Amino acid sequence: MSSSASDPTSSTTLQYVHWFRHSAPYINAHRGKTFVLMFDGEAVQHDNFQHIIHDIALLHSLGIRLILVHGARPQINQQLKVAQIETPFYKQRRITTRESLTAVMSAVGSIRLQIEALLSMGLANSPMYGARIDVVSGNFVTAKPYGIHDGTDFQLTGEVRSIDHAAIQRHLDNHNIVLLGPTGYSTTGEVFNLLAEEVATKTAIQIKADKLIFLGQQHGLMNEAGQLQREINTAELDIYIQRYQSTQPELALHLQGAKLASTQGIERVHLISYAYDGALVEELFTRDGSGTMLTDAHYEDVRMANIQDVGGLISLLRPLEEQGILVYRSRERLENEIHQFAVIERDGTILACAALYPIPTQNNEIPSAEIACVAVHPSYRKSNRGSQILEYLEHKARSMGIQQLFILTTRTAHWFLEHGFENASVDDLPNARQALYNYQRSSIVCKKSL
């Protein structure tokens, strides 16, 4: 064993302890929740798939209820190539002929057996040692013909008609992992070839899953500058769907499923990479995650302020300023800085506000901003409106390329610490903000990395 591994004070050990402590809230939050994980046939073929299986076993051991949905496109293509059968695609769906159905069922069955075998591993000195996992497959998906579209008969290609969510729930209650593939069965006994993305999405909706997770080729969604988007709103998805429709059709299918799921009650949909070792654990048990989280959490009652809000801001801020909790801001200053503020308004009353001030940086200083003037109406302080407006401004800061947030406070440091900020010092502030620090006020400095 290396000295760094045996030394309890080594940086590696301390980093592990730090990560484990910070993952505890996520472990508690996820226990007993239901997650649907969808991965395509390319993921099954990838060298990292065995690590994904280990992480799935870990999630299961932590009390997370799992439904796995696998695709099979490359495996079906290989079976059809061996059989010298061609099946064209139209609008991202394979036209499944009756002669090709045997190849489809063979590929899907082979993957199911492979996954079941991997989840049955129990070798000593392996991550699966002692992991007793029961995997259940079955006729949980009822299908119907996709039919004729634009004059094209899709034959034995189908779409999901219904999900036997009651049967799935029973198996989850018995601590089983449920495994579904891209096939479904009709009431007349026929087998239909389905989109795995549709199976995963419809299952998540029917089962009222807490999360739907797509494991794809890339880490998540990138903006035009090539930067990973850690979190986006469902309303933004159409732009990405159009962008990837022709270049990355599988990703477009994930996004279409994500959009449908989000609008049907699934609060969190995640896009992560199957090629990145530990992506699943990092996404679920760290603050920043590894990919992109899609949420339909509406900010319709959170918006950037305008000049008409100045009177409401004064009414909200003056009592706090008189108590010395906030620094006094004149009407003129509020009018000049109004576009830095975000507000929550209901029926003409400002219920909460906060301001985001970018900090000028020099040389190699990290792009930073200060969140200030966080205030909530006294009648609503037991709600989550303070958290909501803070999250809104953090999202805005990320979109601006801000990598670090600061707050300066005399009374409410504990609240910011509960929201992911850490204690800092005046020396941690960018030089431009240090020069404006009021030593008489002696504000506590906290920071948060984005």
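This text gives an overview of the structure that appears in the document. Computed from a prediction, not measured in an experiment: that's the story for all the values here. (Residues numbered from 1 in each chain as written. Predicted model: local features only at pLDDT ≥ 70, side-chain atom pairs only at ≥ 80, totals over all residues. Heavy atoms only, no water.)

**Thoughts on the overall build of the protein chain**
For step 1, the next point in the chain: Along its length, the protein chain carries 16 helices and 23 strands.
For step 2, the next point in the chain: Along the three orthogonal principal directions, the C-alpha set of the protein chain runs to about 80 × 60 × 45 Å.
For step 3, the next point in the chain: Counting every position in the protein chain, which comprises 450 residues, the buried fraction comes to 48%.
For step 4, the next point in the chain: Carbon and sulfur atoms make up 49% of the accessible area of the protein chain, which totals about 22,400 Å².
For step 5, the next point in the chain: Of the side chains in the protein chain, 39 bear a positive and 47 a negative charge, and the two mean positions are spaced by 4 Å. (Helix = DSSP H or I, 4+ residues; strand = E, 2+ residues; numbered from the N terminus. Buried < 20%, exposed > 50% of the residue type's maximum accessible area, 1.4 Å probe, protein only. Areas by Shrake-Rupley, 256 points an atom, 1.4 Å probe, with all protein chains shown as cover. Lys, Arg positive; Asp, Glu negative; His and termini not counted. Charge placed at Lys NZ, Arg CZ, Asp CG, Glu CD.)

**Here we look at the packing of aromatic side chains**
For step 1, the next point in the chain: Counted by the stated rule, this structure contains six aromatic pairs.
For step 2, the next point in the chain: Between Tyr-146 and Phe-154 the ring centres are 4.9 Å apart and the planes differ by 90°, which places this aromatic pair in the edge-to-face class. No difference in accessibility class separates Tyr-146 from Phe-154, as the two residues are buried.
For step 3, the next point in the chain: With a centroid separation of 5.0 Å and 90° between ring planes, the pair formed by Trp-415 and Phe-416 is classed as edge-to-face. (Phe/Tyr/Trp six-rings, centres within 6.5 Å; stacked < 30°, edge-to-face > 60°.)

**Things to note about the side chain of Glu-394**
For step 1, the next point in the chain: Along the chain, the position of Glu-394 falls in helix α14 (residues 385-399).
For step 2, the next point in the chain: If near-sequence neighbours (up to four positions away) are discounted, Glu-394 is found in contact with Leu-405, His-419, Phe-421, Lys-448 and Leu-450. (Contact = heavy atoms within 4.5 Å.)

**Brief notes about helix α5 (residues 73-83)**
For step 1, the next point in the chain: Burial in α5 covers these residues: Arg-73, Pro-74, Gln-75, Ile-76 and Leu-80.
For step 2, the next point in the chain: In this structure, the buried side of α5 is in contact with α3 (41-45), β4 (93-94), α6 (101-118), β12 (191-193), α8 (196-207) and α10 (249-263).

**Remarks on the pattern of salt bridges**
For step 1, the next point in the chain: In this structure the tally under the stated criterion is 15 salt bridges.
For step 2, the next point in the chain: Taking the shortest distance from any N to any O, the salt bridge between Asp-150 and Lys-91 comes out at 2.7 Å. Of this pair, Asp-150 sits in the loop between β7 (148-149) and β8 (152-153) while Lys-91 sits in the loop between β3 (89-90) and β4, and the two are 59 residues apart along the sequence. For the pair Asp-150 and Lys-91, one class covers both residues: exposed.
For step 3, the next point in the chain: As a salt-bridge pair, Lys-202 and Glu-198 come within 3.5 Å of each other at their nearest N and O atoms. Remark: Glu-198 and Lys-202 occur in helix α8; sequence separation between them is four residues, near one turn of the helix.
For step 4, the next point in the chain: A cluster of three or more residues bridged by salt bridges with shared partners is formed by Arg-93, Glu-198 and Lys-202. (Salt bridge = Lys/Arg side-chain N within 4 Å of Asp/Glu carboxyl O.)

**Quick notes on the sheet that holds strand β13 (residues 211-216)**
For step 1, the next point in the chain: Strand order in the open sheet formed by eight strands is β5-β10-β2-β1-β13-β15-β16-β14, and the pairing between neighbours is mixed. Strand pairing shows two members of the sheet lacking a second neighbour, β5 (135-136) and β14 (231-233), which therefore form its edges.
For step 2, the next point in the chain: Of the strand pairs in this sheet, β14 and strand β16 (residues 292-295) are connected by three bridges, and their pairing is parallel. The residue bridging Ile-232 from the neighbouring strand is Leu-294, located in β16.
For step 3, the next point in the chain: Its contacts with the sheet place α6 against β1 (34-39), β2 (65-70), β5 and β10 (177-180), and it is angled at close to 145° to β2.
For step 4, the next point in the chain: Across the sheet, helix α7 (residues 165-173) lies against β1, β2, β5 and β10, angled at about 125° from β2, the strand it touches most. (Pairing = 2+ DSSP bridges. Axes fitted to C-alpha atoms, helices over the stretch in contact; angles between N-to-C directions.)

**What to know about the packing of α8 against α10**
For step 1, the next point in the chain: Two elements in contact, α8 and α10, have axes separated by 9 Å at closest approach and are oriented at 15°. The pairing of α8 with α10 is recorded here as roughly parallel in orientation. Crossing geometry of α8 relative to α10 is assigned as right-handed. Residues Glu-197, Thr-201, Lys-202 and Ile-205 of α8 lie in contact with α10, whose contacting residues are Leu-253, His-254, Gly-257, Leu-260 and Ala-261.
For step 2, the next point in the chain: Classifying every residue of the contact of α8 with α10 gives four nonpolar, three polar and two charged. (Parallel < 35°, antiparallel > 145°, perpendicular 65-115°, else oblique. Left-handed = near helix turned anticlockwise from the far one by under 90°. Nonpolar A, V, L, I, M, F, W, Y, C, P; charged D, E, K, R; others polar.)

**Brief notes about the packing of α5 against α6**
Packed helices, taken two at a time, are described by the angle between their axes plus the distance between the axes.
For step 1, the next point in the chain: Put simply, α5 and α6 touch, their axes get as near as 8 Å, and they point 135° apart. Looking at the two axes, α5 sits oblique to α6. Crossing of α5 against α6: the hand is right-handed. The segment α5 lies against α6, with Gln-75, Ile-76, Gln-79 and Leu-80 engaging Ala-103, Val-104, Ser-106, Ala-107 and Ile-111.
For step 2, the next point in the chain: Here the contact of α5 with α6 is built from residues that sort into six nonpolar, three polar and no charged.

**Considering the environment of Asp-210**
For step 1, the next point in the chain: Residue position: Asp-210 is located in the loop between α8 and β13.
For step 2, the next point in the chain: With 184 residues separating them in the primary sequence, Asp-210 and Glu-394 have C-alpha atoms 23 Å apart.
For step 3, the next point in the chain: Apart from residues lying up to four places away in sequence, Asp-210 is in contact with Lys-33, Thr-34, Phe-35 and Arg-268.

**Topic: the state of the cysteines**
For step 1, the next point in the chain: Scanning all chains against the criterion turns up zero disulfides.
For step 2, the next point in the chain: Cys-373 supplies the cysteine sulfur nearest to Cys-353, a cysteine that is in no disulfide, at a spacing of 4.8 Å.
For step 3, the next point in the chain: Of the cysteine sulfurs around Cys-446, a residue in no disulfide, the closest is that of Cys-373, at 17 Å. (Disulfide = S-S within 2.5 Å.)

**Section: unusual backbone geometry**
For step 1, the next point in the chain: One non-glycine residue, His-175, adopts positive backbone phi at about 65°.
For step 2, the next point in the chain: Locating His-175 in the fold gives a position in the loop between α7 and β10.
For step 3, the next point in the chain: In this structure His-175 comes out as exposed when scored by relative accessible area, which is 61%.

**Examining the pairing of strand β23 (residues 444-449)**
For step 1, the next point in the chain: Both strand β21 (residues 404-409) and β23 contribute to a ladder of six bridges, which runs antiparallel. By the bridge assignment, Ile-407 is partnered in β23 with Cys-446.

**Focus on the nonpolar core**
For step 1, the next point in the chain: Within the largest apolar cluster, 83 residues are counted, with the highest numbers of intra-cluster contacts made by Ile-56 and Leu-221.
For step 2, the next point in the chain: It is α6 that contributes the most residues to this core, eight residues altogether.
For step 3, the next point in the chain: For Ile-56, the contacting residues outside a window of four places in its chain are Leu-37, Phe-39, Leu-66, Leu-68, Leu-119, Ile-177 and Leu-280.
For step 4, the next point in the chain: Residues Ala-342, Ile-389, Ile-407 and Ala-413 belong to the second largest nonpolar core, which totals 22 residues. (Core = buried A, V, L, I, M, F, W, Y, C linked by side-chain atoms within 4.5 Å.)

**Quick word on the side chain of Gln-404**
For step 1, the next point in the chain: Summarising the element assignment, Gln-404 is placed in strand β21.
For step 2, the next point in the chain: In this view, Gln-404 contacts Ile-366, Pro-367, Ser-368, Ala-369, Lys-447 and Lys-448; residues no more than four positions away in its chain are not counted.

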